[in-house]
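Analysis of the macromolecular model
Spelled out from the first residue to the last, the chains are:
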Amino acid sequence: MDTSTNPMTWYLTDGSYNYWIDNLEPHTVFTYGARGTHPIVGDWNNDDRDTPGVFVRTGGTPSWQLRNSNSSGSANVTFGYGAASDTQPLVGDWDKDGDDTPGLFRPGSPNSYLLRNSNTQGAADLTFTYSSGAGKPIAGDWNNDGRDTVGFISTGTNPFTWYLRNSNTQGSADVTFTYGSGNASSVFFATGDWDGNGSDNPAVVLPLTNGPFQWHLRDSNTSGVATSSVRYNPVTPLKLMHFNMAGGALNGGDYPIVHRILTEVQTRRPDVISLNEVCERQYDHLVDQLETAGYAMEGYFQESRLVVPDCVHLGDTRTRAGNAILVRADVTEEKGYMFTTDHRLEERDLPTLLEERSVACVTAVFPTTSQPVKACSTHLSDGDATGAQAETRELFRVFAPEANSRPFILMGDLNLTPDDTAVGRLYYPSGNGYFWETDSYWDSCIGEDGMCEPVQGGRPTRVGGNRKIDYTFVSRDHFDITTTLSGVDIVNAGTCDDHLCSDHLIMHSTVGLYLPRKAP
């Protein structure tokens, strides 16, 4: 949930799929509870559905404000319970009557638990001491007897030690195990019936570097590793389009290919466009036509070659061709990179007469998110596998550190197939890179356990061929690619006048950009 909004925003999912790569996208989004209050969740009215509540410190008796539906609105039940000094609420079905009611945790030596069996004002029905030391209180039905009881997580150990008790009474732990590790100040803890067997088990929720939260779920109250692991953070969809348009070689710098791209854009409405082999005059014409059509995009054209005879037209002095990147967003930075004749990547705008390969990049902020995204388009050496491999390794060297720390999109014609070891450096987890490739998922769910892993491959991107050489990579810690199970489309551009528009296919991908991290 997002505790920074007022009222707070709740993001709920209906499942916990056992795919380690999966990002659980919210099925229900609503607002409830004032910013600064303590969110809680429970089945307040015995309808077998958990709904939100907030614990509100008022300076006197804390107020419990409970809602009976997962929707925006006011509280259905409000009552006071606890003391002004209470800061740690607990929720559970303490008396096995089907509805969840309040509890309080008071740290001490030992710690105290004060549980109430109805959602009304009054004194505690159960008071006892259990556990000691620094840690976090929890509650759940640990033994499938229909009654929630307390537990305690010692955060002073590494891994963390979980102490579970099967009755709400003073005594020692009935179950003790270790699970989860990390900095306790940044780790969240949760319990739930993850496998539907009737008993609650542990989860630890860890922040990924500059990315979403990763939920590590375990299906038994024993020491061990996660049974399944899922990412959960709200995402905003971004539509990506990549096309080697053969602007000079097949289109002679003319505009029919531009009009074909314009039609594709109007139909698909991409947020990011990557173009290879585009003449400068074609790029300028496309930008003008997009604005005229009411679909203005900002972009950057990076020369690969200074003089391309196929791009030359009488009366037009523009002779350059290269790569272009366009975005439906506010551009905050433009950067050009050139590959030297010995295939090293340098940050600069203009090529020398002997250089032919480049990378065009922009950094942009899309309307649906406040975080900057870097998007790049490249086209590597053709007919020179050794050169293309060296350039791919350079892409990894220069851009992998950025992709590890910020949202990053890399699209282009690498002139290498996915089984090439140099390309493998970019892939994750099949290779050792920091990127997902959007079309590596289409043949992906493997193994008897049904776990999904990206497969290093993809569909052909050449007209009439069987080779994939065009790619759309996105940084793995900032994008969800599970939407690409049905979100990648490879399209033939058809004919422009009396010839093929391009010898490449148009590649469309839909990915989910993680929104700035929301607390679980």
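Here's a quick rundown of the structure. (Residues numbered from 1 in each chain as written. Predicted model: local features only at pLDDT ≥ 70, side-chain atom pairs only at ≥ 80, totals over all residues. Heavy atoms only, no water.)

Our next topic: the packing of helix α1 (residues 256-268) against helix α2 (residues 280-292). Between α1 and α2, the shortest axis-to-axis distance is 10 Å and the interhelical angle comes to 40 degrees. Taken together, the axis directions place α1 and α2 in an arrangement best described as oblique. Regarding α1 and α2, the two cross each other, and that crossing is right-handed. On α2, the residues that touch Ile257, Val258, His259, Ile261, Leu262 and Val265 of α1 are Gln282, His285, Leu286, Gln289 and Leu290. (Axes fitted to C-alpha atoms, helices over the stretch in contact; angles between N-to-C directions. Helix = DSSP H or I, 4+ residues; strand = E, 2+ residues; numbered from the N terminus. Parallel < 35°, antiparallel > 145°, perpendicular 65-115°, else oblique. Left-handed = near helix turned anticlockwise from the far one by under 90°. Contact = heavy atoms within 4.5 Å.)

The subject of this paragraph is the packing of aromatic side chains. In the structure shown here, the tally under the stated rule is 19 aromatic pairs. Relative to tyrosine 130, the ring of tyrosine 113 lies with its centre 6.2 Å away and its plane at 45 degrees, an arrangement referred to as tilted. Of the two residues, tyrosine 113 is situated in strand β9 (residues 112-115) and tyrosine 130 in the loop between β10 (126-129) and β11 (135-140); the sequence distance between them amounts to 17 residues. Looking at tyrosine 113, the relative accessible area reads 0%, which means it is buried. Assessed through its relative accessible area of 4%, tyrosine 130 is described here as buried. (Phe/Tyr/Trp six-rings, centres within 6.5 Å; stacked < 30°, edge-to-face > 60°. Buried < 20%, exposed > 50% of the residue type's maximum accessible area, 1.4 Å probe, protein only.)

Where strands meet in a sheet, backbone hydrogen bonds hold them as pairs that are either parallel or antiparallel. The sheet built from 4 strands is open, its strands ordered β11-β12-β13-β14 with antiparallel pairing. Of all the strands in the sheet, just β11 and β14 (175-178) have a single pairing partner and so form its edges. Shown here is a sheet whose adjacent strand axes are inclined to one another by a mean of 20 degrees, direction ignored. Examined bridge by bridge, strand β12 (residues 149-154) and strand β13 (residues 161-164) share 4 bridges and lie antiparallel to one another. Bridge assignment links serine 154 to a residue of β13, and that residue is threonine 161. (Pairing = 2+ DSSP bridges.)

On to the pattern of salt bridges. Inspection of the entire model under this criterion finds 21 salt bridges. With a shortest N-O distance of 2.7 Å, arginine 318 and aspartate 284 are connected by a salt bridge. In this pair, arginine 318 is assigned in the loop between β21 (298-305) and β22 (321-327) and aspartate 284 in helix α2, connecting sequence segments 34 residues apart. The partner of lysine 335 in a salt bridge is glutamate 347, with the nearest N and O atoms 3.8 Å apart. In this pair, lysine 335 sits in strand β23 (residues 330-339) while glutamate 347 sits in strand β24 (residues 345-347), placing the two residues 12 residues apart along the sequence. Lysine 335 sits in the partly exposed class, given a relative accessible area of 22%. Beyond isolated ion pairs, a larger network of salt bridges with shared partners links Arg260, Glu264, Arg268 and Asp489. (Salt bridge = Lys/Arg side-chain N within 4 Å of Asp/Glu carboxyl O.)

Here the focus is the state of the cysteines. Inspection of the entire model under this criterion finds 3 disulfides. Between cysteine 496 and cysteine 501 runs a disulfide, and the two sulfur atoms are separated by 2.0 Å. Judged by the torsion about the S-S bond (100 degrees), the cysteine 496/cysteine 501 disulfide is right-handed. Among the residues examined, cysteine 501 registers a relative accessible area of 0% and is labelled buried. (Disulfide = S-S within 2.5 Å.)

So, on to the layout of surface pockets. Of the pockets and cavities examined, the second largest pocket occupies roughly 380 Å³. Taken together, 21 residues form the lining of the second largest pocket, with Ala249, Glu277, Arg305, Arg357 and His379 sitting closest to its centre. For the lining of the second largest pocket, the secondary-structure elements that each account for two or more residues are β21 and β22. By residue number, the principal contributor to the lining of the second largest pocket is β22, which donates 3 residues. Its residues assigned to classes, the lining of the second largest pocket shows 4 nonpolar, 8 polar and 9 charged. (1 Å grid on protein atoms, 1.4 Å probe; cavity = no way out; pocket = protein on both sides within 12 Å on 5 of 7 lines; lining within 4 Å. Points joined across faces, edges and corners; volume = space filled by probe spheres on them. Nonpolar A, V, L, I, M, F, W, Y, C, P; charged D, E, K, R; others polar.)

Within the secondary structure layout, serine 154 lies in strand β12. For serine 154, a relative accessible area of 14% gives the class buried.

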